[in-house]
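Here is how the chains run, residue by residue.
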Amino acid sequence: MPLHILVLGGTTEARRLAESLVAMDGIKVTSSLAGRVAQPKLPPGEVRVGGFGGAEGMAEWLRAHHVDAVIDATHPFAGTISFNAASAAAAVHVPLLALRRPGWVPVEGDRWHVAESLAGAAELLPELGRRVFLTTGRMGLAAFAPLDSLWFLMRSVDAPEAPCPARMEVLLDRGPFSLEGERELIRRHRVDVLVTKDSGGDATAPKLTAAREAGIPVVVVRRPPVPPGVRVAGTPEEAITLLGALLP
């Protein structure tokens, strides 16, 4: 029987990981997507879409489908699913590891302001600027809805839902983004403050360079921690090596 690996996906790294695992002999891969993006890029192998019904539902799914290991390769800010995965894997006694791209690190010239949450980021904005480039995705916009005096350029893959800021222009786009494109957005929309989550990776990092060049402040929302005791890999290659060490 092949080893059955469940990849909790939705990220570029998750797709790369699935591609590598599918190409290996003796491994069956199922990628699980949350279903929050209307037209996701599907990885190779089997794919399921939607939630599990909490930690207990995931544990039942792991048992029913004879899963041998779980790799949590979700977005760094998908905190709930990560803790559910930790509980479910522990309940059914299967190995679990997390694949997390390294976070961004400020360099000379950056004007970063770190927030612990979207609400914390919203509290900082009135003192930093009036025209906000909001790149935190379509979830959680309610935190910025009360800021009627600010104007927002909100970028996401899919259209947002209310509640949203009253003065907001929506840009539907999917990364990776170029440095020249980010420069142009900041210039054309007269952006004077950027808000981002510490997602890490190269696909959306050019906005940080463009903000540094423009001399504008950046509010960076700190990513949530990985559940205690879960081993972390920084790349798909590291995840495969670590998986080999965790499996019998």
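Right above here is the structure, for reference.
Rules behind the numbers
- The numbering scheme is per chain: residues are counted from 1 as the chain's sequence reads.
- Thresholds applied to this predicted model are a pLDDT of at least 70 for local features of residues and 80 or more for the giving and counting of side-chain atom pairs; totals over whole chains, interfaces and linings are not thresholded and use all residues.
- The side-chain figures draw on all heavy atoms in the structure; neither hydrogens nor water molecules are used.
- If DSSP finds at least two bridges between two strands, the strands pair.
- A run of DSSP states H or I qualifies as a helix once it reaches four residues; a run of E qualifies as a strand once it reaches two. Both are numbered from the N-terminal end.
- Lines fitted to C-alpha atoms define the axes here, with helix axes fitted over just the stretch in contact, and angles between the N-to-C directions of these axes take values from 0 to 180 degrees.
- We call two residues in contact when some of their heavy atoms are within 4.5 Å.
- For every residue, the accessible area (1.4 Å probe, protein chains only) is compared with the maximum for its type, and the residue is labelled buried under 20%, exposed over 50%, or partly exposed between those bounds.
- Two N or O atoms form a polar contact when they lie within 3.5 Å of each other; inside protein one atom must be a possible hydrogen donor and the other a possible acceptor, and for residues adjacent in sequence the pair counts only when both atoms belong to side chains.
- This arc corresponds to the set of directions leading from the helix axis out to the C-beta atoms.
- Salt bridge criterion: a side-chain nitrogen from Lys or Arg within 4 Å of a carboxyl oxygen from Asp or Glu.

### A few points about the sheet that holds strand β12 (residues 231–233)
- Here we have six strands laid out as an open sheet, ordered β3-β2-β1-β4-β5-β12, and parallel in their pairing. Looking at which strands have only one partner, the edges of the open sheet turn out to be β3 (46–49) and β12. Put simply, the sheet's adjacent strands are angled 25° from each other on average, direction ignored.
- Sheet topology places strand β4 (residues 69–72) next to strand β5 (residues 96–99); three bridges connect them, and they run parallel.

### Observations concerning the sheet that holds strand β8 (residues 151–156)
- One open sheet accounts for six strands, arranged β6-β11-β10-β7-β8-β9; its pairing is parallel. This sheet does not close on itself; its edge strands, each paired only once, are β6 (112–115) and β9 (168–172). Strand-to-strand twist across the sheet, computed as the mean angle between neighbouring axes with direction ignored, equals 20°.
- Pairing analysis gives four bridges linking strand β7 (residues 131–134) to β8, with the strands arranged parallel. Note on β8: the bridge partner recorded for Arg 131 is Trp 151.
- Across the sheet, helix α6 (residues 206–214) touches β6, β8, β10 (193–197) and β11 (218–221), and the angle it forms with β10 is around 155°.

### Digging into the side chain of Ser 82
- Relative to the helices and strands, Ser 82 resides in helix α3 (residues 79–92).
- A residue is classified by how much of its surface remains accessible, and Ser 82, at 5% relative accessible area, is buried.
- Within polar-contact distance, the side chain of Ser 82 engages the side chain of Asp 72 at 2.7 Å.
- In terms of polar contacts, Ser 82 uses its side chain to reach the backbone carbonyl oxygen of Ala 78, at 3.3 Å.
- If we ignore the near neighbours within four places in the chain, the residues touching Ser 82 are Asp 72, Thr 74, Arg 100 and Pro 227.

### Notes on unusual backbone geometry
- The step from Ala 162 to Pro 163 runs through a cis peptide bond, and the omega angle for that step is 5°.
- Structurally, Pro 163 is set in the loop between β8 and β9.
- The residue after Gly 175, namely Pro 176, is reached through a cis peptide bond having omega 10°.
- Within the secondary structure layout, Pro 176 lies in the loop between β9 and α5 (179–188).
- In the Ramachandran plot, His 66 falls in the positive-phi region, its phi being about 55° despite a non-glycine side chain.
- Relative to the elements of secondary structure, His 66 occurs in the loop between α2 (54–64) and β4.
- With a phi close to 55°, Arg 190 is a non-glycine residue in the positive phi region.
- Within the secondary structure, Arg 190 sits in the loop between α5 and β10.

### Thoughts on α5
- Buried within α5 are the following residues: Glu 182, Leu 185 and Ile 186. Seen end-on, α5 carries its buried residues on one side only, within an arc spanning 95°. Structural note: α5 exposes Glu 180 and Arg 187 on the side pointing more than 90 degrees away from its buried face.
- Considering only its buried residues, α5 is in contact with β7, β8, β9 and α6.
- A positive backbone phi angle near 55° is found at Arg 190, which sits one or two residues after α5.

### Here's the deal with the pattern of salt bridges
- One pass over the full model with this rule turns up 12 salt bridges.
- Here Glu 46 ties to Lys 28 by a salt bridge, and the two come within 3.8 Å at their closest N and O atoms. Separated by 18 residues along the polypeptide, Glu 46 in strand β3 and Lys 28 in strand β2 (residues 27–33) bring together distant segments of the chain.
- Relative accessible area serves as the criterion here: at 43%, Glu 46 is assigned to the partly exposed category.
- Of the charged contacts in the structure, one is a salt bridge between Asp 72 and Arg 100, with a shortest N-O distance of 2.9 Å. Placement of Asp 72 in strand β4 and of Arg 100 in the loop between β5 and β6 is noted, with a sequence separation of 28 residues between them.
- Residue classification places Asp 72 among the buried residues on the basis of a relative accessible area of 3%.
- We classify Arg 100 as buried; its relative accessible area is 9%.
- Overlapping salt bridges bring together Glu 180, Arg 183 and Glu 213 as one network.

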